[in-house]
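Secondary and tertiary structure notes
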Amino acid sequence: MSISFLSTQLLSVENLNVSFKTSKGLVKANENISFEIKEGEIFGLIGETGCGKTTLGKALLRLLSNNARIEGRIVYRGKNILSLSEKEMRSLRGKEIGIMLQDSSICFNPVLSVGSQIAEIYRYHEGMKKKDAEKKASEMLELVGIDSSRKSEYPHQFSGGMLQRVMMVVALALKPRLLIADEPTKGLDPDIKLQILEIIAKLVKKENSSMLLITHDLDVSTKLTDRTAVMYAGEIVEIGKTATVISDPKHPYTFALLHSLPEKGLMNVSGQSPSLIFPPSGCRYHPRCSNQLVDCSKIHPTLLEHVDDHFARCLFSEKNSKNVKREPHLIPDTPSPGCAEVGIRHC
Amino acid sequence: MEYPKASEVKRPISENDRNIRRISMWKYIANRLAMVLIVIAGVTLVSFFAMYLAPGDPAELIALERYGQDLDKSQIESVREAEGLDAPVYFQYFIWLDHLLHLDLGRSIITSDDVLEEILLKLPATIELTVAGLLISLLIALPIGVLSAFQKNILLDNCCAFFSLIGISIPNFWLGILLIWLFSLTLHIFPSYGYGSLSHLTLPALTLGISMSSITARLTRASLMEVMEKEYILAARARGFDEYTVVLRHALKNALLPVVTFAGMQLGYLLGGAVIVETIFSWPGIGKLLVDSIFARDFSMVQGCVLFIAVLFSLSSLAVDILYAVLDPRIRYDMYD
Amino acid sequence: MTCMTENIKMTEKSSMNEKRLSLWEFGKNRLALFGILFIAILCFLALFAPYISPNDPFAQKLDKRLLGPCHEYPLGTDEFGRCIFSRVIYGTRISLGIGILVVAATSIAGTSLGLLSGYKGGLFDEILMRGVDVMLAFPNIILALMIAGLLGPGFLSVVLSLSLTQWPVYARLVRGQVLSLKKRDFVEAARALRPSNFYIMRKHILPNCMEPVIVLGTLEIAHVIIFASALSFLGLGIQPPTPEWGSMLKSGIPYLRTYPHLCFVPGLMIMLTVFALNFAADGLRASLGQYAKQEVLDR
């Protein structure tokens with residue numbers, strides 16, 4: 001708990017732009033993304049499918065396909081990831097930053113046994129002997145509640161929840177400082193979802209690592225994260241401490257998302273998600289917004305601080321709240337107290 | 001997608017489960033074997049009844065071959081009786097099948113040689129040619145396929161694609177003639193026909209190999225590129241492995257699986273191609289025997305050759321399927337699941 | 001409401017764009033364009049052969065044997081003093097004719113059998129698929145060779161032998177397509193309205209199978225042309241003096257050392273034709289497959 005006050009910046013993303021050249025046009029998957037993750041913090045990134053959050057997760061490790069263009073700065077412990085050589089990058093991947101990619105069922109090599117896929121990480125990075133590596137792999141499997149006798153089996157013989165846990169083992173095998181978890185509970189039963197989340201949170205806290213949790217599941221995010229950013233159409237529309245974002249959303253999209261939760265009335269967010277090639281003019285959310293102003297279709301709002309450390313990108317909120325500090329969101333260097341202790345509040 | 005049940009997740013695996021899985025592997029092989037047997041039964045049907053496509057009375061045709069142009073009716077009738085052609089057709093089929101089960105393919109109408117003996121005599125030459133052709137095709141195709149899959153240079157990649165398209169488009173009889181013209185008639189390096197030494201083998205094997213290699217190269221490239229797009233390759237990169245490890249350990253085995261299956265199909269193409277190549281280069285194999293027998297209207301020999309080639313092909317694709325099942329753990333259980 | 005209509009307009013616009021782009025893709029693929037152009041020229045040659053060819057393809061002039069290219073004979077003459085150029089032009093009629101005839105017959109037969117087999121399933125499917133397996137157990141050209149050999153040489157026997165052996169490819173392809181389509185929601189939905197099976201097959205399943213069948217058909221024309229000329233090359237197909245590329249190639253072999261153009265001209269024609277058809281099929285595949293490709297961001 002004492003760590004939280006000393007917490008320093010682990011990763012910061014500054015004005016990140018990611019775009020893809022496709023036959024239909026330039027897809028602007030991420031625009032002007034800025035946020036930071038502190039040591040020991042669990043940071044949530046929520047947004048609907050197709051809003052660019054997975055792209056963001058992959059961009060942090062430079063895992064995007066060749067047609068992607070990345071601009072801006074991603075600073076990890078003082079090093080700009082985007083200017084590292086491929087070799088330096090490799091030493092970062094897995095060791096410093098681990099990633100759990102979406103859909104674990106396709107993330108394992110189908111012709112190699114699960115155990116050997118875990119063991120090879122130790123053999124490659126830590127130069128372990130085959131036997132030691134396999135022993136270590138068994139230990140890791142037991143750690144997430146999988147019988148180690150199953151290590152000689154192949155990915156297709158595992159269920160979705162188990163693969164998810166193996167995925168976790170793989171991502172955390174080298175004890176990275178930062179774990180990027182992309183939809184770790186996608187397609188799982190609610191009861192297994194909880195199990196998985198508990199294990200992740202436990203393991204991350206144990207190593208005092210940080211985590212970037214990418215999800216479209218608001219429920220998951222509220223239960224697990226210290227701070228949350230809400231993404232819409234490639235932009236961050238609201239960012240702040242999870243508790244404040246949930247209790248007092250400043251952006252109508254966040255508001256709509258919150259009210260889509262079952263306990264808040266199951267109201268759906270009306271309309272279609274926007275195209276990232278031809279995003280709507282002005283505020284990107286305005287075609288679906290219920291609080292639309294005249295200016296919304298013309299002026300593209302900036303991310304402004306409404307309350308302490310709580311930023312939102314909305315003209316309506318700007319007008320209605322008096323204490324908006326008219327300063328665009330860059331990198332706030334004030335540490336947010338008490339992030340780590342929030343932990344898994346409702347789990 | 002089916003969601004796993006909570007009870008299932010924590011279930012420890014018992015020895016019993018393993019047995020079921022192992023049996024299913026055998027079950028898979030048994031299944032394939034049964035399928036091949038059915039196919040072979042069908043093959044015998046087709047090769048038997050195809051004979052009835054020949055216009056005219058088979059007894060008369062045989063008698064014609066045996067006794068020359070001026071026949072009288074009694075000669076035809078005696079042939080009919082001797083060959084069992086007076087019985088109903090289905091009855092003839094079963095008699096033929098019975099002989100077949102005793103490995104008796106009958107005797108040549110023209111030379112009265114034993115058909116199976118004759119075929120087995122020619123088999124080594126055909127196997128020699130096909131294996132050499134397969135080796136050459138793989139030697140050409142795999143490096144080209146792998147290189148062009150990772151080729152950043154668009155021009156070079158396009159060159160590979162272009163040559164492989166030429167390879168696909170060039171019929172092997174035309175390629176054979178080109179090779180004869182170049183290496184035999186112009187450069188005088190290799191003989192254009194004959195059998196016995198390595199230099200005799202070179203041109204026919206090259207002809208077979210080159211025309212096969214382009215498809216294999218394309219397949220290798222496409223399959224490797226497809227695999228490299230897979231999420232588990234990305235996942236392997238995310239674990240910090242270098243490109244060498246990613247390709248060799250994670251991509252190549254997966255990518256070569258379809259190539260292996262294709263090798264089975266390729267064997268069929270090679271056997272079929274061997275017919276033409278053997279004819280061009282006067283290579284004394286089954287293919288040449290078949291073509292010669294067709295011209296000689298030696299029906300029983302034709303039937304024997306076609307049947308033999310089809311059965312050989314079916315069995316080799318069975319072998320490849322089993323090999324595939326051993327290499328790819330997913331296949332084994334697919335039929336069981 | 002306005003936002004709804006806007007959205008609909010946008011999707012309409014983007015689908016229009018897709019169509020335009022797919023054609024553009026096709027044009028960008030120059031080799032495919034070359035292929036189609038070459039096939040068009042061949043068709044033209046085949047249709048107007050009597051008007052284009054400078055000489056009678058059958059006329060033998062023994063005093064003008066084995067000439068090189070000259071003014072009267074653009075590609076020289078063969079061993080009987082016949083104009084090679086004219087013979088090659090007449091040869092397109094036979095090769096294209098066989099290719100189109102066989103592909104038309106086999107694609108219709110194979111597609112309908114595959115459609116029925118995939119849709120009906122059951123015993124019919126089982127028997128037909130085993131039949132297909134049996135047919136495909138005869139590698140490559142062997143079965144056609146046997147049938148053509150038994151029927152005796154000639155145009156009809158080539159067409160018949162190739163038609164009898166090439167249909168299974170379509171049946172297998174279409175059956176696979178139907179099986180995957182059958183599980184799709186739109187077919188299930190159409191079924192819920194209980195129209196006749198024939199209606200569902202014609203309206204919902206067949207149109208969705210057509211793209212791969214067209215691509216396969218283009219490739220198969222190339223295959224059939226190779227097989228037909230191989231049969232003629234072996235002496236089991238079209239017989240001389242009829243001008244056919246395969247048999248021209250064969251009769252040129254004795255003169256390969258001294259007069260290679262006798263072989264080269266028909267050989268190159270076969271190769272270029274097959275080449276063009278392969279490119280066209282490749283281009284078709286790329287442009288038809290455009291709808292299937294979709295850039296998915298969040299994956």
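All residue numbers here refer to positions counted from 1 along the written sequence of the relevant chain. Here the convention is simple: chains get letters from A, ligands get numbers from 1, in the order in which they are written. The predicted origin of the model limits local features to residues at a pLDDT of at least 70 and limits the giving and counting of side-chain atom pairs to 80 or more, whereas totals for whole chains, interfaces and linings rest on all residues. With hydrogens and water set aside, each side-chain value is computed from the structure's full complement of heavy atoms.

Assigned secondary structure in chain B consists of 14 helices and zero strands. The helix count covers DSSP runs of H or I at least four residues long, the strand count covers runs of E at least two residues long, and both are numbered beginning at the N terminus. For chain B, the α and β elements follow one another from N to C terminus as α-α-α-α-α-α-α-α-α-α-α-α-α-α. For each residue, the accessible area found with a 1.4 Å probe, counting protein chains only, is set against the maximum for its type, and the residue is called buried under 20%, exposed over 50%, and partly exposed in between. Taken over 337 residues, chain B has a buried fraction of 47%. In chain B, once contacts between residues fewer than 6 apart in sequence are set aside, the share between residues at least 24 apart is 71%. Of the roughly 16,300 Å² of accessible surface on chain B, a fraction of 66% belongs to carbon and sulfur atoms. Here, two residues are considered to be in contact whenever any of their heavy atoms come within 4.5 Å of each other. With residues, only the protein chains shown are counted as cover, and all accessible areas are computed by Shrake-Rupley using a 1.4 Å probe.

In this section: the pattern of salt bridges. One side-chain nitrogen of Lys or Arg within 4 Å of one carboxyl oxygen of Asp or Glu is enough to make a salt bridge. Scanning the entire structure with this criterion turns up 31 salt bridges over all chains. When the shortest N-O distance is used, the salt bridge between R130 of chain C and E126 of chain C registers 2.5 Å. With a gap of four residues between them, R130 of chain C and E126 of chain C both fall in helix α5 (residues 122-137), about one helical turn apart. Under the relative-accessibility criterion, R130 of chain C is labelled buried at 18%. With its nearest N and O atoms 3.2 Å apart, the salt bridge here joins R130 of chain C to D133 of chain C. One end of the pair is R130 of chain C and the other is D133 of chain C, both in helix α5 and three residues apart, which spans about a single turn. Of the two residues examined, R130 of chain C and D133 of chain C, each falls in the buried class. Beyond isolated ion pairs, a larger network of salt bridges with shared partners links E31, E235, R284 and R313 of chain A.

Now for the UniProt feature "domain: ABC transmembrane type-1" (unreviewed entry) in chain C. UniProt positions are given in the numbering used here, feature names are shortened, and annotations may be inferred rather than shown by experiment. UniProt feature "domain: ABC transmembrane type-1" (unreviewed entry): in the numbering of this structure it lies at residues 92-281 of chain C. Helix makes up 83% of residues 92-281 of chain C and strand 0%. Its end C-alpha atoms lie 19 Å apart.

Residues and elements named next belong to chain A. Of all five residues making up strand β7 (residues 178-182), five are buried, and the element is well covered by its neighbours. Covered by surrounding structure in β7 are L178, I180 and D182 together with L179 and A181, the residues of both alternating faces. Relative to β7, strand β6 (residues 97-100) runs parallel, the two being bridged by four bridges. The residue of β7 that forms the bridge with M100 is A181. Pairing between β7 and strand β8 (residues 210-215): five bridges, direction parallel. Each bridged residue has a counterpart across the sheet, and for I180 the counterpart in β8 is L212. Taken together, β7, helix α7 (residues 190-206) and β8 form a β-α-β motif whose crossover is right-handed. At least two DSSP bridges between two strands are required for those strands to pair. Note on handedness: a crossover is taken as right-handed if, strands pointing away from the viewer, the path from the first strand over the helix to the second is clockwise.

The next thing to look at is unusual backbone geometry. Following P240 of chain C, the chain continues to P241 of chain C via a peptide bond in cis, the omega torsion being 15°. In this model, N15 of chain A sits at a positive phi of 45°, which is unusual for a non-glycine residue. Along the chain, the position of N15 of chain A falls in strand β1 (residues 9-22). The partly exposed category is assigned to N15 of chain A, whose relative accessible area is 38%.

Further remarks concern the environment of T216 of chain B. Residue and element names in this part refer to chain B. Position of T216 among the secondary structure elements: in helix α9 (residues 198-228). Taking relative accessible area as the criterion, T216 reaches 1% and is therefore assigned buried. Contacts of T216, omitting those with residues within four sequence positions, involve L138, A141, V259, F262 and Q266. At 3.1 Å, the side chain of T216 and the backbone oxygen of M212 are in polar contact. In protein, a polar contact requires one atom able to donate a hydrogen and another able to accept it; more generally it is a pair of N or O atoms within 3.5 Å, and residues adjacent in sequence count only if both atoms are side-chain atoms.

All names here are of chain B. Scored from 0 to 100, pLDDT reflects the predictor's confidence in each residue. A residue-level look at chain B finds 89% of positions with pLDDT of 70 or above and a mean pLDDT of 80. Across residues 1-23, where pLDDT falls below 50, the model places 34 contacts with residues more than four positions away in sequence or in other chains. Between residues 333-337, whose pLDDT stays under 50, and residues either more than four places distant or in other chains, the model counts eight contacts.

Residue and element names in this part refer to chain B. A cavity here means a set of 1 Å grid points, computed over protein atoms only, where a 1.4 Å probe fits but cannot escape. A pocket is an open set with protein on both sides within 12 Å along at least 5 of 7 lines, and lining residues have an atom within 4 Å of a point. Grid points are joined across faces, edges and corners, and a volume is the space filled by probe spheres set on the points. What the second largest pocket holds in volume is close to 820 Å³. Lining the second largest pocket are 28 residues, and of these E83, L85, W96, S300 and Q303 sit closest to its centre. Elements represented by at least two residues in the lining of the second largest pocket include exactly α3 (58-67), α5 (89-101) and α13 (299-327). Lys, Arg, Asp and Glu make up the charged group, whereas Ala, Val, Leu, Ile, Met, Phe, Trp, Tyr, Cys and Pro make up the nonpolar group; the residues left over, Gly among them, are polar. Looking at side-chain class alone, the lining of the second largest pocket contains 15 nonpolar, nine polar and four charged residues.

Let us look at the side chain of Q166 of chain C. Looking at the secondary structure, you find Q166 of chain C in helix α7 (residues 155-182). If we ignore the near neighbours within four places in the chain, the residues touching Q166 of chain C are T106, E220, V224 and F227 of chain C.

Here the focus is helix α8 (residues 172-186) of chain B. Residues and elements named next belong to chain B. Helix length check: α8, at 15 residues, gives a terminal C-alpha distance of 20 Å against a target of 21 Å (1.5 Å per residue), a fit within 8%. Axes are fitted to the seven residues ending at a residue and to the seven starting at it; the angle between these axes is taken as the bend at that residue. The largest bend in α8 comes to about 30°, at I180. Phi for H188, located one or two positions after α8, is positive at around 55°. The length a helix should cover is 1.5 Å for every residue beyond the first.

This part is about the interface of chain B and chain C. Taken together, the contacts link 50 residues of chain B with 42 residues of chain C. Summed over both partners, the accessible surface that disappears when two parts come together, traced with a 1.4 Å probe, is what is meant by buried area. Interface area, chain B with chain C, both sides summed: about 4,000 Å², of which 84% is carbon and sulfur. Of all residues in chain B, F173, W174 and I177 of chain B bury the most surface against chain C, accounting for 16% of the area lost on that side. Counting across the interface, chain B meets chain C through zero salt bridges.

The next thing to look at is the sheet that holds strand β2 (residues 25-38) of chain A. Residue and element names in this part refer to chain A. One open sheet holds the four strands; their spatial order is β2-β1-β4-β5, and the pairing between them is antiparallel. Either end of the sheet is taken by a strand with one partner, and the two such strands are β2 and β5 (79-80). Where strand β4 (residues 68-76) meets β5, two bridges bridge the pair, whose relative direction is antiparallel. Paired with V75 across the strands is N80, a residue of β5. Under this scheme, a helix contributes an axis fitted over its contacting stretch, all axes are lines through C-alpha atoms, and angles between N-to-C directions fall in the 0 to 180 degree range. Most of the contacts of helix α2 (residues 53-60) go to β1, to which it runs at about 115°, and overall it touches β1, β2 and β4.

Once that is clear, we can look at the UniProt feature "transmembrane region" (unreviewed entry) in chain C. All names here are of chain C. In the UniProt entry, the feature "transmembrane region" (unreviewed entry) is given for residues 31-52, 94-116, 128-148, 213-238 and 258-281. Its end C-alpha atoms 24 Å apart, residues 128-148 is made of 81% helix and 0% strand. Within the segment residues 258-281, helix and strand shares are 88% and 0% respectively, and the terminal C-alpha atoms sit 37 Å apart.

The method is simple in principle: a probe with the dimensions of a water molecule rolls over the atoms, and the space it marks as empty is what remains. On inspection of all chains with the given rule, the structure shows ten cavities of 30 Å³ or more. As a volume, the largest cavity reaches approximately 110 Å³. Forming the walls of the largest cavity are G94, G98, I99, L101, I121, M167, V170, A171 and L174 of chain A together with A235, A238 and R239 of chain B. For the lining of the largest cavity, the secondary structure elements donating two or more residues are β6 and α6 (160-172) of chain A together with α10 (231-238) of chain B. Ranked by residue count, the leading element in the lining of the largest cavity is α6 of chain A, at three residues. Across the lining of the largest cavity, the residue classes tally to nine nonpolar, two polar and one charged.

This brings us to the confidence of the model for chain C. All names here are of chain C. Looking at chain C, pLDDT values average 80 and 87% of them are 70 or higher. The least confident element of chain C is helix α1 (residues 2-28), whose mean pLDDT is 41; the most confident is helix α4 (residues 84-120), at 92. Under a pLDDT of 50 for its full length, residues 1-24 has, in the predicted model, ten contacts with residues more than four places off or in other chains. Low pLDDT (under 50) marks residues 290-299, which in the prediction has 26 contacts with non-local residues, meaning those over four places away or in another chain. Quick note on the complex model: pTM equals 0.72, ipTM equals 0.80.

A few words now on the packing of α4 of chain C against helix α11 (residues 261-288) of chain C. Residue and element names in this part refer to chain C. Viewed as axis vectors pointing N to C, α4 and α11 meet at an angle of 25°, and their least axial separation amounts to 11 Å. By the angle between their directions, the pair α4 and α11 is classed as roughly parallel. In this structure, α4 crosses over α11, and the sense of that crossing is right-handed. In this structure, α4 uses I84, V88 and T92 to contact α11, whose residues at the interface are H261, L262, V265 and M269. For the contact of α4 with α11, the per-class residue count stands at five nonpolar, two polar and no charged. An angle below 35 degrees is treated as roughly parallel, one above 145 as roughly antiparallel, one from 65 to 115 as roughly perpendicular, and anything else as oblique. Here is the rule for handedness: rotate from the far helix to the near one, and if that takes an anticlockwise turn smaller than a right angle the crossing is left-handed, while a clockwise turn gives right-handed.

With that settled, the discussion passes to the environment of L179 of chain C. Residue and element names in this part refer to chain C. Tracing the backbone through its elements, the reader meets L179 in helix α7. Given a relative accessible area of 30%, L179 falls into the partly exposed group. In the structure, L179 is positioned 61 residues away from G118 in sequence and 5.6 Å away in space, judged by C-alpha atoms.

Each pair of aromatic rings taken from Phe, Tyr and Trp, with Trp reduced to its six-membered ring, is defined by centres within 6.5 Å and is described as stacked if the planes are under 30 degrees apart, edge-to-face if over 60, and tilted in the remaining cases. Scanning all chains against the criterion turns up 23 aromatic pairs over all chains. Judged by centre distance (5.6 Å) and plane angle (85°), the rings of W174 of chain B and F264 of chain C are edge-to-face. Highlighted residues: W174 of chain B in helix α8 and F264 of chain C in helix α11, drawn from two different chains. Members of the aromatic cluster, connected to one another through ring pairs, are F48, F49, Y52, Y93, F94 and W96 of chain B. Of note, R150 of chain A hangs over the ring of F158 of chain A, and the distance from its end group to the ring centre comes to 4.7 Å. Lysine NZ or arginine CZ positioned within 6 Å of the ring centre and within 35 degrees of the ring normal marks a charge as sitting over the ring.

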